[in-house]
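Residue strings, one per chain:
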There are 2 protein chains.
Amino acid sequence: MDTSFAPLAPEATNPQSFRPEAPLELDIAELQRHMVVTRRKVRAGQYLYRNGQPFRALHFVHAGFLKTCELSEDGREQVTGFRMRGDLLGVESIGLSVHTCDAVALDDAEIWELPYPPVLDALRHIPELQVRLAAALAEEIRRDRVWMLTIGTLPAEQRVAAFLLDIAARLARLGFSARHFILRMGRADIASFLALKHETVTRALSHLERLQYISVLRREVKLLDVPKLRACVGTPCTIQ
Amino acid sequence: MDTSFAPLAPEATNPQSFRPEAPLELDIAELQRHMVVTRRKVRAGQYLYRNGQPFRALHFVHAGFLKTCELSEDGREQVTGFRMRGDLLGVESIGLSVHTCDAVALDDAEIWELPYPPVLDALRHIPELQVRLAAALAEEIRRDRVWMLTIGTLPAEQRVAAFLLDIAARLARLGFSARHFILRMGRADIASFLALKHETVTRALSHLERLQYISVLRREVKLLDVPKLRACVGTPCTIQ
DNA sequence: CGGATCTTTGAGCGGGGTCAAATTAGGTGG
DNA sequence: CCACCTAATTTGACCCCGCTCAAAGATCCG
């Protein structure tokens, strides 16, 4: 079996090198005709926004990788999602004056800020985009609920498999390799997102590797047997 | 201790007898000026809509109690929420042509149907309501994420306590008693929602009763010690 | 090189799941 | 109205998956 990572050149074959030509869902150019869209760099580890800070903009991820975290008053923390190029952050704060969660860059990121509430006025003049915003919010709800289903009905290893397939599919939509990628988050973040502990995630990954479904070395992942992974998470095999 | 339910007259003190005078978030009268709002009765156990059916309307709950269920292709099922008077159902399907989940009445319900997409056109003529819709969607996202936090970070008994406090708070907002109510759903539905098994929910309720935090008899619940329940779910006690 | 962080693995335990049975409520038709 | 049937709830006994605790690499950064 070839699960060695040696032949990988450090940068040339990096499966997630920057690719600005990937298509975007949102037509930013159209929006810019109606408001001031400012660009913002956020370093890995920095907060894009924090729980309690004033809500002044929607944040469109142009490049980079982030996580969103829900917090409780007594200090519990839950990763609620991972966001990448093309995702819109901050929509959960619409209707409020402050953010109710954290957004943290896991990678150096470039964010385009759509000032709020001006963005709502802009949408009023672009009825088509208004529907797009509602649709984007609805899709966020659907995504969250599919994860509720996953977490509520699948055991640890299958949650991890579902997580890998989700990341792979999203990277594929951006034009990256779905079979070979670098995780931008640590085991603890994956664990929190999947309602597990980091040791359990590690063990699940190790076991999936022993089954030859994937190969893992720290944050580098290769999907070796996607059909088996899909079967693992309950998607009936398309063949047969 | 008085945990007896004997003194309860069958209807007169029913903590959830119909109360149409409770205030609503959505101004239906305003909407009716722009579209045809049809009323619909749904019997307990019937589907309001099902996964895969065409998405033709948003559904406003005027009376009754419902659950929404997420389904997987391989037959797994997850209760994603319980909906009562004032809640808007179907928003998760905005942007799609079919529903992606089930909505089931747990009680005889009266639903006001806001035809879609006409409702979007109506919103275009009522800018204020357009923002309300986005805000309603955003609040749905926040609610889901708070449950992710609860399920991801609290053990079984505390999840059940959080569930009871949530139901109580929502009933209170509708003008019902927050201390004494009838659950409209079975143990299995609660369990699914909280990512537990029904026996675990039963045991948690029994234990909370033994602690004198609540009293339970089948679906009838009294909250005896709300501060202790709140402390249980991590809300720092407001009194010191 | 040295220290902090992240990942991996093992050993042991326990919370919650599984299986089973008893009890009770509710519905239905005689 | 009651007998019967079905479904919901409760409880016990047992077990296992995932958590806890601990320690040993591995990687990164100053």
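Heads up: these notes are all about the structure in this document. Computed from a predicted model, the values in this text were never measured in an experiment.

As a further point, take the interface of chain B and chain A. How big an interface is tends to be reported as the loss of accessible area on association of its parts. Opposite the 44 residues of chain B that make contact, chain A presents 44 residues. For the chain B face of the interface with chain A, the top three residues by lost area are Arg 76, Arg 145 and Met 148 of chain B, together amounting to 18%. One can count six salt bridges joining chain B with chain A. Between Glu 140 of chain A and Arg 145 of chain B there is a salt bridge, with the nearest N and O atoms lying 2.7 Å from each other. Our count for the chain B to chain A interface comes out at 12 residue pairs in polar contact (both at pLDDT 80 or more). Those elements that place two or more of their residues in the side of chain B that touches chain A are strand S4 (65–71), strand S5 (77–84), helix H2 (118–125) and helix H3 (127–153) of chain B. With 18 residues, H3 of chain B is the single largest residue contributor to the side of chain B that touches chain A. A breakdown of the residues in the side of chain B that touches chain A according to their chemical character gives 20 nonpolar, 12 polar and 12 charged.

Attention shifts here to the protein's contact with DNA strand C. Taken together, 18 residues lie near DNA strand C, and Arg 187, Arg 203 and Ser 206 of chain A together with Ala 156 and Thr 200 of chain B sit nearest. Here the atoms of DNA strand C within 4 Å of the protein split so that 68% fall in sugar or phosphate, with bases taking the remainder. Within the side chain of Arg 203 of chain A, a nitrogen or oxygen atom sits 2.9 Å from a base nitrogen of DNA strand C. Taking Ser 206 of chain A, its side chain carries an N or O atom lying 2.6 Å from a phosphate oxygen of DNA strand C. For the surface near DNA strand C, the elements supplying multiple residues, two or more each, are helix H6 (198–210) of chain A together with helix H6 (198–210) of chain B. For the surface near DNA strand C, the element with the most residues is H6 of chain A, which contributes five residues.

Residues and elements named next belong to chain B. Ordered in space as S2-S7-S4-S5, the four strands form an open sheet in which the pairing is antiparallel. The sheet is open, and its two borders are formed by strand S2 (47–49) and S5, each paired with just one other strand. Sheet twist, expressed as the mean angle between neighbouring strand axes with direction ignored, is 30°. The pairing of S2 with strand S7 (residues 101–105) spans two bridges and is classified as antiparallel. Bridging from a neighbouring strand, Tyr 47 pairs with Val 104 of S7. Those strands touched by helix H4 (residues 156–173) are S4 and S5, and its axis lies near 30° from that of S5.

It is worth spelling out H6 of chain B at this point. Residues lying three or four places apart along an α-helix face the same way, a consequence of the helix completing one turn every 3.6 residues. Residue and element names in this part refer to chain B. In this model, H6 (13 residues) spans 18 Å end to end at C-alpha, consistent with the 18 Å of a helix rising 1.5 Å per residue. For H6, the complete set of buried residues consists of Val 201, Ala 204, Leu 205 and Leu 208. Seen from one end, H6 has its buried residues packed into an arc of 95°, which puts them on one side. Seen from the open side of H6, the exposed residues pointing more than 90 degrees away from its buried face are Arg 203 and Arg 210. Where the residues of H6 are buried, they touch H4, helix H5 (187–193), strand S10 (214–217) and helix H7 (226–232). The positive-phi residue at the C-terminal boundary of H6 is Gln 212, with phi of around 70°.

What counts, and where the lines are drawn
- Residues numbered from 1 in each chain as written.
- Chains lettered and ligands numbered in written order.
- Predicted model: local features only at pLDDT ≥ 70, side-chain atom pairs only at ≥ 80, totals over all residues.
- Heavy atoms only, no water.
- Contact = heavy atoms within 4.5 Å.
- Buried area = accessible area lost by both parts, 1.4 Å probe.
- Salt bridge = Lys/Arg side-chain N within 4 Å of Asp/Glu carboxyl O.
- Polar contact = N/O pair within 3.5 Å; in protein donor to acceptor, adjacent residues only side chain to side chain.
- Helix = DSSP H or I, 4+ residues; strand = E, 2+ residues; numbered from the N terminus.
- Nonpolar A, V, L, I, M, F, W, Y, C, P; charged D, E, K, R; others polar.
- Near = heavy atom within 4 Å.
- Pairing = 2+ DSSP bridges.
- Axes fitted to C-alpha atoms, helices over the stretch in contact; angles between N-to-C directions.
- Expected span 1.5 Å × (residues − 1).
- Buried < 20%, exposed > 50% of the residue type's maximum accessible area, 1.4 Å probe, protein only.
- Arc of directions from axis to C-beta.

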